[in-house]
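As a plain string of letters, each chain reads:
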Amino acid sequence: MRVRIVKDEEAAARVVAARVTTALAAKPATVLGLPTGRTPVRLYALLRQAFAAGRVDFAKAVTFNLDEFAGLPAGHPATYRAFMEAHLFDHVNLAPRRIHFLDGMAKDPVAECVRYEKAIARAGGIDLQILGIGANAHIGFNEPGAGLVADSHLARLEPGTRRSNADLFDGNVKAVPREALSMGVGTILRSRSIVLLATGVGKANAIGATVLGPVTTRVPASLLQLHGDVEVVLDEAAASKLAMAV
Ligand code: F6R
């Protein structure tokens with residue numbers, strides 16, 4: 001893993017935005033894997049700005065989002081699709097048919113996940129996967145446990161994960177779905193390049209375990225150590241448990 005530590009959240013978002021714009025300049029049809037959450041908000045703002053300034057073109061880009069809540073109807077404001085539309089998709093020239101999501105309303109989640117894996121494969125695989133990380137070191141909705149599911153699957157959300165998503169539901173944690181469809185760790189590891197973005201002291205323990213700890217399903221992001229092209233972009237707060245490595 002390459003670890004890059006920059007001063008603050010703004011600088012970290014700039015590093016990752018540059019990765020995206022550089023990838024699209026080199027290969028306009030880049031297949032991007034995208035996260036939602038608080039962490040990438042600034043990244044998406046920078047990409048909107050870059051697009052408005054004519055510095056990036058999404059016309060041929062293809063996107064696959066990491067995850068989607070189960071059971072929220074299309075158009076529900078807390079869906080991750082709605083988040084992506086608000087923060088990026090409605091503001092750039094990404095063709096709707098090139099935007100891919102797991103369907104959280106699918107009657108048959110297993111078939112839906114098979115469809116998603118096939119769609120990723122048909123697109124030629126993910127070129128650049130951007131990730132956030134949970135305070136418990138989850139990536140996508142791959143929560144810590146005795147084992148992990150490799151491919152896209154229906155995942156059960158930990159109470160802490162539901163709490164940290166409560167903002168999307170006006171602070172009502174009970175309204176946060178208990179399940180989500182998520183890419184698996186294998187789906188993520190099949191990406192050609194991976195960038196993990198983490199900011200804030202709340203992520204410091206998870207980052208310490210991810211970068212310095214053993215590879216274990218108890219720390220899902222530690223499996224990224226098995227990949228040959230991972231950049232971990234951190235602000236100083238998120239890097240604060242990496243003192244030995246700096
Ligand atoms: C979201 C996702 C999650 C988040 C993680 C961090 O699509 O896959 O793994 O990246 O929960 O969330 P924030 O950025 O809100 O701290």
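Everything numeric in this text was worked out from a predicted model, so none of it was measured. (Residues numbered from 1 in each chain as written. Predicted model: local features only at pLDDT ≥ 70, side-chain atom pairs only at ≥ 80, totals over all residues. Heavy atoms only, no water.)

### Comments concerning the overall build of the protein
Argument step 1. The number of helices and strands found in the protein is seven helices and 10 strands.
Argument step 2. Principal-axis analysis of the C-alpha atoms places the extent of the protein at approximately 45 × 40 × 35 Å.
Argument step 3. Carbon together with sulfur atoms contributes 55% to the accessible area of the protein, which is approximately 10800 Å² in total.
Argument step 4. With 28 positive and 23 negative side-chain charges, the protein shows a spacing of 2 Å between the two charge centroids. (Helix = DSSP H or I, 4+ residues; strand = E, 2+ residues; numbered from the N terminus. Areas by Shrake-Rupley, 256 points an atom, 1.4 Å probe, with all protein chains shown as cover. Lys, Arg positive; Asp, Glu negative; His and termini not counted. Charge placed at Lys NZ, Arg CZ, Asp CG, Glu CD.)

### A closer look at the pattern of salt bridges
Argument step 1. A complete count under the given rule lists 11 salt bridges for this structure.
Argument step 2. A salt bridge links Arg42 to Glu10; the nearest nitrogen and oxygen atoms lie 2.5 Å apart. In this pair, Arg42 is assigned in helix α2 (residues 41–52) and Glu10 in helix α1 (residues 9–26), connecting sequence segments 32 residues apart.
Argument step 3. Judged by relative accessible area, which is 26%, Arg42 ranks as partly exposed.
Argument step 4. In this structure, Asp127 and Lys27 form a salt bridge, with 2.9 Å as the shortest nitrogen-oxygen distance. (Salt bridge = Lys/Arg side-chain N within 4 Å of Asp/Glu carboxyl O. Buried < 20%, exposed > 50% of the residue type's maximum accessible area, 1.4 Å probe, protein only.)

### Some points on α2
Argument step 1. Taking 1.5 Å per residue, 12 residues should reach 16 Å; α2 reaches 17 Å between its end C-alpha atoms and fits that length.
Argument step 2. Taken together, the buried positions of α2 are Leu43, Tyr44, Ala45, Leu46, Leu47 and Ala50.
Argument step 3. Next to the buried residues of α2 lie α1, β2 (31–34), α3 (80–87) and β6 (128–131).
Argument step 4. Count one or two residues on from α2 and you reach Gly54, which has phi positive near 75°. (Expected span 1.5 Å × (residues − 1). Contact = heavy atoms within 4.5 Å.)

### Overview of the side chain of Ser152
Argument step 1. You can see Ser152 is positioned in the loop between β6 and β7 (153–156).
Argument step 2. Note on Ser152: relative accessible area 9%, which makes it buried.
Argument step 3. If near-sequence neighbours (up to four positions away) are discounted, Ser152 is found in contact with Leu102, Cys113, Tyr116, Glu117, Ser182, Met183, Gly184 and Thr187.

### With respect to the site of the ligand
Argument step 1. Within the structure, the ligand sits among 13 residues, and Arg38, Thr39, Asp67, His138 and Lys203 are positioned closest to it.
Argument step 2. A distance of 2.8 Å separates an oxygen atom of the ligand from a polar backbone atom of Gly140.
Argument step 3. Protein burial of the ligand: of its 410 Å² of free accessible surface, 92% is covered by the chains. (Near = heavy atom within 4 Å. Polar contact = N/O pair within 3.5 Å; in protein donor to acceptor, adjacent residues only side chain to side chain.)

### Some remarks on α1
Argument step 1. The end-to-end C-alpha separation of α1 is 26 Å, in line with the 26 Å expected for 18 residues at 1.5 Å each.
Argument step 2. Turning to α1, its buried residues are Ala12, Ala13, Val15, Val16, Ala17, Val20, Thr21 and Leu24.

### Comments concerning the sheet that holds strand β1 (residues 2–6)
Argument step 1. One open sheet accounts for seven strands, arranged β1-β10-β9-β6-β2-β3-β5; its pairing is parallel. Of all the strands in the sheet, the pair left with one neighbour each is β1 and β5 (99–100).
Argument step 2. Sheet topology note: the β1/strand β10 (residues 230–235) ladder contains five bridges and is parallel. Residue Val3 lies in a different strand from β10, and its bridge partner there is Val232.
Argument step 3. In the packing of α1 onto the sheet, contacts are made with β1, β2, β6, β9 (193–198) and β10, and the angle to β10 comes to roughly 150°.
Argument step 4. Each of β1, β9 and β10 touches helix α7 (residues 204–212); the most contacted strand, β9, lies at about 150° to it. (Pairing = 2+ DSSP bridges. Axes fitted to C-alpha atoms, helices over the stretch in contact; angles between N-to-C directions.)

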